[in-house]
Amino acid sequence: MKGNPFFYADEDDIRKGLVADVYFLRGKKIMESLGLNPLVYGEVTASGIPENGSFGIFCGLEEVLRLLEGLPVTVKAMPEGSLFYPGEPVLSIEGAYNDFGIFETAFLGFLCFSSGIATKSARMKLNCLDKPVYSFGARRTHPSIAPAVERAAYIGGCDGVATIAAAEILGLKPVGTMAHAYIIAIGDPKEAYINYDRFIDEDIPRVALIDTFEDEKFGALTAAEALGERLYAVRLDTPGSRRGNFRKIIEEVRWELNLRGYSNVKIFISGGIDENTVKELYEIVDAFGIGTAISNARVIDFSFDIVEKEGKPIAKRGKKSGRKQVYECKDCLKHRVLPEESEIPTCPECLSKMEPLLLTYIDGGLRIVKEEKPQFSRDRTIKYLRKIKEVSLD
Ligand SMILES: [Zn+2]
């Protein structure tokens, strides 16, 4: 933290344990004084999913692996973008307790935070599988973690992100339209659209923000007059106080555009959108910009529990002891949690052979699975979401 003008912990602080809850450091001090360092096996599980959700999307693993790599531990986990249910292990760590115990605050933080955002993002995308949903919520979180927020939003199913730093991490081009502030600064919406078209790179779609001063219907026509064939979409960011019946406003914009030969112009909406808005307006909207609902998503309450000590099953009250494997049926998405040594089971629902989800990522400190491209993790989520629709799991 020293020398840093903003209030966040950097890599060094995290690796030194400066953001560890102090009781982990106290426990370690006592254990070391007694010369104790038992070999333990612990698992990360969630007892529930926020907002009565039935499933979560696992995210945050890459940072956990970067934190634990090089320590004398073995780490197993589900890949990022995996579907998980409450009560099943998503990650396990095996090692001598003093070698990794103080990192519990940090590794849970990475997972709780990123999986919370990915899960919420997935809930949006589930209602909008064939149209784009963009993450526009960086402004509603601390800027130092905006890239982590948007990475998780993307892995959870968002099609694009707004900030340059996040887009760079993801290997994408950032997505954005124009700000109300830009239109006010120029002074006249028509001038604003014409100059946007004049100065912004050709490969950026011309999306006009239409409700700074005018009614949405007239704003859309102003944009169409200004850009003609070059207008790709209009964006409605209608304030809540003016919304009345938002569906009717959007339908009216569509009607007026179509009537004048602009049926190819798409309609984007943003501003206070959540998964219910996406569901309600999916048919008449071409893309959604989502802010607070994703960037301030409830975290997943993961906890870490020791389930084996010196080779013997042991766990606190309320937790099942012994190391476990999670098996998945790819046909109906049913999961089973069984002792690790069990035979691969068949699905109790559809009798398909199930597949294990927990894979070894770090073996005795050595990373044996290289970093997965975020696109692959996102593809995994999307595949799950399509399957969820198919088997009507939601
Ligand atoms: Zn099945």
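Residues numbered from 1 in each chain as written. Predicted model: local features only at pLDDT ≥ 70, side-chain atom pairs only at ≥ 80, totals over all residues.

Student: Describe the nonpolar core, and please don't skip the residues or the numbers.
Tutor: In terms of nonpolar packing, the biggest core is built from 98 residues, with A223 and F288 touching the most fellow members. Considering every element that reaches this core, the biggest residue donor is helix α5 (residues 104-126), with 11 residues. Counting contributing residues, this core receives three or more from each of domain 1 (11-118 + 298-375 + 382-391) and domain 2 (176-289). In contact with F288, not counting residues within four places along its chain, are C128, V133, Y134, I269, I273 and V278. (Core = buried A, V, L, I, M, F, W, Y, C linked by C-beta atoms within 7 Å. Buried ≥ 20, exposed ≤ 12 C-beta atoms within 10 Å, placed from the backbone. Helix = DSSP H or I, 4+ residues; strand = E, 2+ residues; numbered from the N terminus. Domains from an automatic or database assignment. Contact = placed C-beta atoms within 7 Å.)

Student: Before we move on, could you go through the packing of helix α10 (residues 216-227) against helix α12 (residues 246-259) and cite the residues and values that matter?
Tutor: One way to put it is that α10 packs onto α12 with a least axis distance of 9 Å and a crossing angle of 35°. Crossing angle aside, the handedness with which α10 passes α12 is right-handed. Contacts between α10 and α12 involve E216, K217, A220, L221 and A224 from the former and I249, E252, V253, E256 and L257 from the latter. The residue inventory of the contact of α10 with α12, partitioned by class, reads six nonpolar, no polar and four charged. (Axes fitted to C-alpha atoms, helices over the stretch in contact; angles between N-to-C directions. Left-handed = near helix turned anticlockwise from the far one by under 90°. Nonpolar A, V, L, I, M, F, W, Y, C, P; charged D, E, K, R; others polar.)

Student: Run through the sheet that holds strand β14 (residues 324-328), naming residues and quoting values.
Tutor: The pairing of strands in a sheet happens through backbone hydrogen bonds and is either parallel or antiparallel. On the basis of which strands lie adjacent, the open sheet formed by three strands has the order β15-β14-β16 and antiparallel pairing. Strand pairing shows two members of the sheet lacking a second neighbour, β15 (335-339) and β16 (355-356), which therefore form its edges. Where β14 meets β15, five bridges bridge the pair, whose relative direction is antiparallel. The residue bridging Y327 from the neighbouring strand is R336, located in β15. (Pairing = 2+ DSSP bridges.)

Student: So, the packing of α5 against helix α6 (residues 146-155): which residues are in play, and what are the values?
Tutor: The contact between α5 and α6 brings their axes to 7 Å, and the two run at 45°. In this view, α5 runs oblique relative to α6, as classed from their interaxial angle. Crossing handedness for the pair α5 and α6: right-handed. Residues S114, I117, A118 and S121 of α5 touch α6, and the partners they reach there are A148, V149, A152, A153 and I155. Per-class residue counts for the contact of α5 with α6 are seven nonpolar, two polar and no charged. (Parallel < 35°, antiparallel > 145°, perpendicular 65-115°, else oblique.)

Student: Could you give an account of the domain arrangement of the chain, with specific residues and numbers?
Tutor: Under the domain assignment used here, the chain contains domain 1 (11-118 + 298-375 + 382-391) and domain 2 (176-289). When each unit is reduced to the centre of its C-alpha atoms, the spacing between domain 1 and domain 2 is 44 Å.

Student: Could you give an account of the environment of A297, with specific residues and numbers?
Tutor: With respect to the helices and strands, the residue A297 is situated in the loop between α14 (292-295) and β12 (302-309). Under the C-beta neighbour-count criterion, A297 is labelled buried, with 26 such atoms within 10 Å. The spatial distance from the C-alpha of A297 to the C-alpha of V149 is 9.7 Å, given a sequence separation of 148 residues. Sequence-distant contacts of A297, that is, excluding residues within four places in its chain, are made with G116, I117, T119 and K120.

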